[in-house]
Amino acid sequence: MYHSKISGLGYYVPENVVTNDDLSKVIDTNDAWIQERTGIQERRHVIKGDGDTTTTMGVKAAKAAIARAGIANDDIDFIIFATLSPDYYFPGPGVLVQRDLGLTRTVGALDVRNQCSGFLYAISVADQFIKTGMYKNILVIGSELHSTGLDMTTRGRNVSVIFGDGAGAAVLTREEDLTKGILSTHLHSEGQFAEELSLAAPGMGRRWVTDIIADNDPDDISYYPYMNGQFVFKNAVQRLAEVVGEGLAANNLAVSDIDMLIPHQANLRIAQFIQHKFQLPDDKIHNNIMKYGNTTAASVPIALTEAWELGKIKAGDLVVLAAFGSGFTWGSAVIRW
Ligand code: UT7
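Below, the discussion takes up the domain arrangement of the protein chain. Domain annotation for the protein chain reports domain 1 (3-178) and domain 2 (182-336). A straight line from the C-alpha centre of domain 1 to that of domain 2 covers 13 Å. In this complex, domain 1 contributes 46 residues to the contact, which on the side of domain 2 involves 43 residues. For the side of domain 1 that touches domain 2, the elements supplying multiple residues, two or more each, are strand S1 (3-12), strand S3 (42-44), helix H5 (118-131), strand S6 (137-144), helix H6 (157-160) and strand S7 (166-175). With seven residues, H5 is the single largest residue contributor to the side of domain 1 that touches domain 2. Residue composition of the side of domain 1 that touches domain 2, by class: 20 nonpolar, 19 polar and seven charged.

Okay, here's the thing in structure tokens:
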């Protein structure tokens, strides 16, 4: 039996900064509303034609993580890719990473469909493979390209001002010291609320593709994400607090043992609610939604990488990751760095 540790981290965001004022030129919104309700000041959007996709951004983040892990591309034994915005409906982006990193080995590539908690699900799966000794190095990516699929009209404003593009990646590596690395992961779902935060099309279950094409309806909003914002908010604060508590309890740890909490960057108000509930000082939580918006599966690895780059995470620290989102799905990971 082994543990797994995070041996390398990386992130990538497109250069193009979109401010709240930029959005207010195309949508009936304003900087004050967005900052007050979400904390977001700006986000990144790809520029049409620049070539950035969910996969290419993920590969850029992955290259940084692999370099920091000090391994070669071909040392990767398995790839796990979490996203809600894949380049293709199928195949998923995992195989595209196997191709674009130029791996000579035909390693397995798994795609995770758990939206905002996708990265938590992905590292939990990676952790199980490493614990059993099956794999030594697993590349885990969370990447998201939202801007190409948002309703950039006033109709979609409660969703479209929130989401941003970006990617984060981690290399998980076998750790023989069982006091270090990932101590536990905790995953949950509550499918009765699947439609409260969802994107219906082009799901095959409800409408035939031939009908969608025949309808050719410019007012078909089923291709845009839908969110029951206040309902999601209430569930997010409750479930995030629960799952952090669950992770601590499973390891006989207390809130006072946390050195760094990295919450999913859904809304600064949600993160602040959790911080307040646990009475965490400002230096024990890292938020960057102000700069990047909500990047769903990429948000935790981007924030984790940034916190690590800023020197906010040191060897021996207790780091807790937590996320909540569409599904509903949520999860946490407790890590001794
Ligand atoms: O990452 C996955 C998990 N996601 C989350 O956890 C997100 C959770 N939800 C939220 O963060 C918040 O619900 C939002 C930030 C999405 C929305 O904030 P809210 O306070 O729940 O606003 P609301 O949707 O209830 O709308 C309040 C008002 C409405 O106007 P009226 O009906 O009161 O006149 C909206 O039309 O704000 C209006 N509104 C806006 N106004 C300016 C909604 N979006 C905007 C906007 N700009 N972008």
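Past the structure itself, the notes keep going.
So, about the packing of helix H3 (residues 54-69) against helix H4 (residues 93-100). Geometry of a packed helix pair, given as the angle between the helix axes and the separation of the axes. Here H3 crosses H4 at 55 degrees, and the two axes come no closer than 10 Å. The orientation of H3 relative to H4 falls into the category oblique. Read as a crossing pair, H3 and H4 show a hand that is right-handed. Here H3 contributes Thr54, Thr55, Gly58, Val59 and Ala62 to the contact with H4, which in turn contributes Pro93, Leu96, Val97 and Asp100. Of the residues contributing to the contact of H3 with H4, the split by class is five nonpolar, three polar and one charged.

Taken together, 21 residues are adjacent to the ligand, and Thr29, Gly229, Ala266, Asn267 and Gly325 come closest. For the shell around the ligand, the element with the highest residue contribution is helix H8 (residues 229-250), accounting for five residues. Tallied by class, residues from the shell around the ligand come to ten nonpolar, nine polar and two charged. There are two domains that each give the shell around the ligand at least three residues, and those are domain 1 (3-178) and domain 2 (182-336).

Attention now goes to the environment of Ile6. Tracing the backbone shows Ile6 in strand S1. Dropping the residues within four chain positions of it, Ile6 is found in contact with Ala170, Leu172 and Ile335.

Another aspect to go through is the packing of H8 against helix H9 (residues 268-278). Taken N-terminus to C-terminus, the directions of H8 and H9 make an angle of 40 degrees; their axes are 10 Å apart at the nearest point. In terms of crossing hand, the pair formed by H8 and H9 is right-handed. Contacts from Phe233, Ala236, Val237, Leu240 and Ala241 in H8 reach Ile270, Phe273, Ile274 and Lys277 in H9. Residues that form the contact of H8 with H9 fall into these classes: eight nonpolar, no polar and one charged.

On to the sheet that holds S6. Taken in spatial order, the five strands of this open sheet run S1-S7-S6-S4-S5, and their pairing is mixed. Of all strands in the sheet, those with a lone pairing partner are S1 and strand S5 (108-112), marking the two edges. Neighbour to neighbour, the strand axes of the sheet diverge by 20 degrees on average, direction disregarded. Here nine bridges tie S1 to S7, and the two strands are oriented antiparallel to one another. Paired with Lys5 across the two strands is Thr173, which belongs to S7.

Here we come to the sheet that holds strand S13 (residues 329-336). If you trace the four strands from one edge of the open sheet to the other, you get S8-S13-S12-S11, paired in mixed fashion. Each having just a single partner strand, strand S8 (181-189) and strand S11 (260-263) make up the two edges of the open sheet. Along the sheet, successive strands turn relative to each other by an average axial angle of 10 degrees, direction set aside. Bridging between S11 and strand S12 (residues 318-325) involves four bridges; their strand directions are parallel. The residue bridging Pro263 from the neighbouring strand is Ala322, located in S12. The strands that H8 touches are S8, S11, S12 and S13; relative to S13, the one it contacts most, it runs at about 35 degrees.

Conventions used here
Residues numbered from 1 in each chain as written. Predicted model: local features only at pLDDT ≥ 70, side-chain atom pairs only at ≥ 80, totals over all residues. Domains from an automatic or database assignment. Contact = placed C-beta atoms within 7 Å. Helix = DSSP H or I, 4+ residues; strand = E, 2+ residues; numbered from the N terminus. Nonpolar A, V, L, I, M, F, W, Y, C, P; charged D, E, K, R; others polar. Axes fitted to C-alpha atoms, helices over the stretch in contact; angles between N-to-C directions. Parallel < 35°, antiparallel > 145°, perpendicular 65-115°, else oblique. Left-handed = near helix turned anticlockwise from the far one by under 90°. Near = placed C-beta within 6 Å. Pairing = 2+ DSSP bridges.

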